[in-house]
Amino acid sequence: MALDNSTSDPHMPWAQLSLADIIVITVYFTLNVAVGIWSSCRASRNTVRGYFLAGQDMTWWPIGASLFASSEGSGLFIGLAGSGAAGGLAVAGFEWNATYVLLALAWVFVPIYISSEIVTMPEYIQKRYGGQRIRMYLSVLSLLLSVFTKISIDLYAGALFVHICLGWNFYLSTTLTLAIAALYTIAGGLAAVIYTDALQTLIMVVGAVILTVQAFDRIGGYGQLAAAYTQAVPTRTIANTTCHLPRADAMHMFRDPYTADLPWTGMTFGLTIMATWYWCTDQVIVQRSLSARDLNHAKAGSILASYLKMLPLVLIIMPGMISRALFPDDVGCVVPSECLRACGAEIGCSNIAYPKLVMELMPIGLRGLMVAVMMAALMSSLTSIFNSSSTLFTMDIWRRVRPQAGERELLLVGRYAGLVIVVLIGVSVAWIPILQGSNGGQLFIYMQSVTSSLAPPVTAVFTLGIFWRRANEQGAFWGLMVGLVVGATRLVLEFLYPAPPCGVVDMRPAILRSFHYLHFAVALFALSGAVVVAGSLLTPPPQGAQIQNLTWWTLDLDLLSGAKAGDAQKHAFWARVCGFNAILLMCINIFFYAYFA
């Protein structure tokens, strides 16, 4: 069912903003614009690398904050809390898995990208394999994935939050945000985006901590969470079903590999493949690490982002579970008429878990802070996507159309690639009604399901290109094409045969009913990799220029050192500090996995 944009919707309670709320929101937007203008003025914006890679002079803390903020858009605030409300703690694995992949980004992938002296990920693939067809395909695929897994989700989640909390019209509530986000993205390039992301991270964490404290106080502390969640059963249920009952394994991270909603095998192997695509090969993320002053700053930024990625379990997912415990008739509804009353969607209302907490628990004044938090999450994600989309369009598509384009022309196109962004937003808004009814109404699971059908072939091509010298263009191209056909087939089937609502017999094809999307990601990765290997072995090996400085075994060590004369000792010291923190981070991560296993 489409989102109702009217402010008189009977099932959407809305509150008047107090003067204190308005002041908080005004201060937030003022700070945001001020930081954007300041960073735009100090950034080197007159060269391609200055605009798209922030002059490669960024330090570790804004990089780490930006990596976190770019991944924690409003879609993840709404989606993670909603999935926590629907299924418990296990969805935290999507956040905690990032620890290992972020370390792989800094220690393995970024050295390769620095050595190859590239600006975009498709540009690396073109250098490594040769030819233009793979580069163009990856550029277009990246823009499409931005629509299906990023912009549409963030716009819908942000609109849902504002609509439920304030009753504002969908378009009115997002136009100002989009305008400000686009303004400093165009004006300041990547530097402006990264510094404003650092501000957004601070606001998001502070606001989320305040709401989390209020939520735990309401149920009597962490010790009461499991009991409160177990009893979160709606008043009206569907006879002879169990879908209204909270999961018995809600407090466990590792779940049954055959029958669970998030099997441990898929969360270990399939998720790692998908996370490698997102954190190590996606332009939105890698562009931040490539802006680092040197490799140590890139490593430290990844470590900071990894520490921050440990927080969503407590700050987002557990509050989502508490929301179901406090409001089971709304957040945990299963009867279609009840769900229509609670949120306007028949398939379920778990997505309102976070905004429902804000409405019911936050006092006057702090409600404005939480609106600012969601706007911060939405803007940080959108500005990251805007900047990366303009980079892809300019460096990979426009340069293909006009190979003679000079640096000044590329800068102008990059700044004013507004038409591309407008088209992406338009398609994303049109896609919102479709994603509303997908995957039981859980935004986060929808995003992961789409990623599992399209990302694994890309991960296979990047991984083999980096670690296997013999991989060539023919093998990579056909590996991507076979993976695209197989993945797109499953994706189409998912939209044609959505999961049945509670009480309806599951008549979907076996590949959907019995083959979990995380397991499908492993199979698709293996199939694509096998085609790449077979195609490469059956055709001539790549030329020397396609290997030198472009694989793990042929790195340009001079470019990687990053230490000026006399600074080698200092560089080596900070390299050891980064290494120690990486080991400490993994120990903390393993401890939490074991504690909640």
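Rules of the game
- Throughout this document, residue positions are counted from 1 along each chain, in the order its sequence is written.
- Note on the predicted model: pLDDT of at least 70 is required for a residue's local features to be given, and 80 or more for side-chain atom pairs to be given and counted; whole-chain, interface and lining totals, by contrast, use all residues.
- In computing side-chain properties, one takes all heavy atoms of the structure into account and sets aside hydrogens as well as water.
- The method works on a 1 Å grid over the protein atoms by themselves. A cavity is a set of points holding a 1.4 Å probe that cannot get out, a pocket is an open set with protein on both sides within 12 Å along at least five of seven lines, and residues with an atom within 4 Å of a point line them.
- Grid points are joined across faces, edges and corners, and a volume is the space filled by probe spheres set on the points.
- A helix here means a DSSP run of H or I that spans at least four residues, while a strand means a run of E at least two residues long, and both kinds are numbered starting from the N terminus.
- Residue type decides the class: Asp, Glu, Lys and Arg count as charged, Ala, Val, Leu, Ile, Met, Phe, Trp, Tyr, Cys and Pro as nonpolar, and the leftover types, Gly among them, as polar.
- Here, nonpolar core means buried Ala, Val, Leu, Ile, Met, Phe, Trp, Tyr and Cys residues that are tied together by side-chain atoms lying within 4.5 Å of each other.
- Note on classification: 1.4 Å probe, protein chains only; a residue is buried when its accessible area is under 20% of the maximum for its type, exposed when over 50%, partly exposed between these limits.
- We define a polar contact as two N or O atoms separated by no more than 3.5 Å, with the added condition that, inside protein, one atom must be a possible hydrogen donor and the other a possible acceptor, whereas residues neighbouring each other in sequence contribute only through side-chain atom pairs.
- Here the axes come from fitting lines to C-alpha atoms, over the contacting stretch only for helices, and the angles between their N-to-C directions go from 0 to 180 degrees.
- Should an angle fall under 35 degrees it is taken as roughly parallel, and over 145 as roughly antiparallel, whereas 65 to 115 is taken as roughly perpendicular and any remaining angle as oblique.
- Throughout, a contact is declared for two residues whenever any of their heavy atoms are within 4.5 Å.
- Side-chain rings of Phe, Tyr and Trp, where Trp is taken by its six-membered ring, are said to pair if the distance between their centres is within 6.5 Å; with planes under 30 degrees apart they count as stacked, over 60 as edge-to-face, and otherwise as tilted.
- Each ring is checked for a lysine NZ or an arginine CZ that lies within 6 Å of its centre and within 35 degrees of its normal; such an atom marks a charge sitting over the ring.
- Throughout, a crossing is termed right-handed when the near helix is turned clockwise from the far one, and left-handed when it is turned anticlockwise from it by less than a right angle.
- When a carboxyl oxygen of Asp or Glu is within 4 Å of a side-chain nitrogen of Lys or Arg, the pair counts as a salt bridge.

## Description of empty space enclosed by the protein
In step 1: Overall, the coordinates contain seven cavities of 30 Å³ or more when judged by the stated rule.
In step 2: Computed from the structure, the largest cavity encloses a volume of approximately 370 Å³.
In step 3: For the largest cavity, the lining is made up of 23 residues, of which S71, L76, Y278, M447 and Q448 are closest to its centre.
In step 4: Elements represented by at least two residues in the lining of the largest cavity include exactly α3 (60-71), α5 (93-96), α8 (133-166), α11 (264-281), α18 (366-401) and α21 (443-454).
In step 5: No other element matches the six residues that α11 contributes to the lining of the largest cavity.
In step 6: Along the lines of polarity and charge, the residues of the lining of the largest cavity split into twelve nonpolar, seven polar and four charged.

## Some thoughts on the nonpolar core
In step 1: Judged by nonpolar contacts, the single largest core of 142 residues is most densely connected at Y113 and Y354.
In step 2: Top contributing element to this core by residue count: α8, with 14 residues.
In step 3: Membership of the second largest hydrophobic core comes to six residues, among which are L103, I303, C578 and L585.

## Description of helix α7 (residues 121-129)
In step 1: Extensive coverage of α7 is indicated by the burial of seven of its nine residues.
In step 2: Of the residues making up α7, those classed as buried are M121, P122, E123, Y124, I125, R128 and Y129.
In step 3: One side-chain oxygen at the N-terminal end of α7 lies 3.2 Å from the backbone nitrogen of E123; it belongs to T120.
In step 4: Just beyond α7, the residue with positive phi is G130, at close to 85°.

## Concerning unusual backbone geometry
In step 1: Residues other than glycine seldom take positive phi values, yet E117 does so here, at roughly 55°.
In step 2: By secondary structure assignment, the location of E117 is in the loop between α6 (98-116) and α7.
In step 3: Given the relative accessible area of 47%, E117 is considered partly exposed.

## Quick look at the packing of α11 against helix α12 (residues 283-290)
In step 1: Where α11 meets α12, the axes come as close as 5 Å, and the angle between the chain directions of the two elements is 45°. One element, α11, and the other, α12, form an angle in the oblique class. For the pair α11 and α12, contact is made by Y278, W279, C280 and T281 and by Q283, I285 and V286, respectively.
In step 2: Looking at the contact of α11 with α12 residue by residue, the class counts come to five nonpolar, two polar and no charged.

## Side note on the packing of aromatic side chains
In step 1: All chains considered together, the criterion is met by 18 aromatic pairs.
In step 2: Ring plane angle 45° and centroid distance 6.5 Å describe the contact between F467 and W552, whose orientation is recorded as tilted. Here the residue F467 occupies a position in helix α22 (residues 456-467), and W552 occupies one in the loop between α25 (517-537) and α26 (557-561), the gap between them amounting to 85 residues.
In step 3: For F467, a relative accessible area of 35% gives the class partly exposed.
In step 4: An aromatic cluster is defined as three or more aromatic residues linked by ring pairs; in this entry it consists of W96, F254, F591, F592, Y593, Y595 and F596.
In step 5: Across the ring face of F477, the terminal group of R133 is positioned such that the distance to the ring centre comes to 3.8 Å.
In step 6: One cation-aromatic arrangement involves R490 over F520; the distance from NZ or CZ to the ring centre is 4.9 Å.

## Points about the packing of helix α23 (residues 473-496) against α25
What describes two packed helices is the angle between their axes and the distance between those same axes.
In step 1: Across the interface, α23 lies against α25 with an axial gap of 7 Å and an inter-helix angle of 155°. Of the possible angle classes, the one that applies to α23 and α25 is roughly antiparallel. The hand of the α23/α25 crossing is right-handed. Taken together, the residues of α25 that come into contact with α23 (itself represented by G475, A476, W478, G479, V482, G483, V486, G487, R490 and E494) are Y517, F520, L524, L527, S528, V531, V532, G535 and S536.

## Focus on the pattern of salt bridges
In step 1: Summed over all chains, the structure comprises 13 salt bridges.
In step 2: In this structure, D249 engages R255 in a salt bridge whose closest nitrogen and oxygen atoms are separated by 3.8 Å. An identical accessibility class is assigned to D249 and R255; each is buried.
In step 3: With a closest N to O distance of 3.1 Å, K356 and D330 form a salt bridge. Here D330 lies in helix α15 (residues 328-331) and K356 lies in helix α17 (residues 353-361), a separation of 26 residues in the sequence.
In step 4: Using a relative accessible area of 14% as the deciding quantity, one classes K356 as buried.
In step 5: Connected through salt bridges with shared partners, the residues R236, D330, E338, R341, K356 and E360 form a single ionic network.

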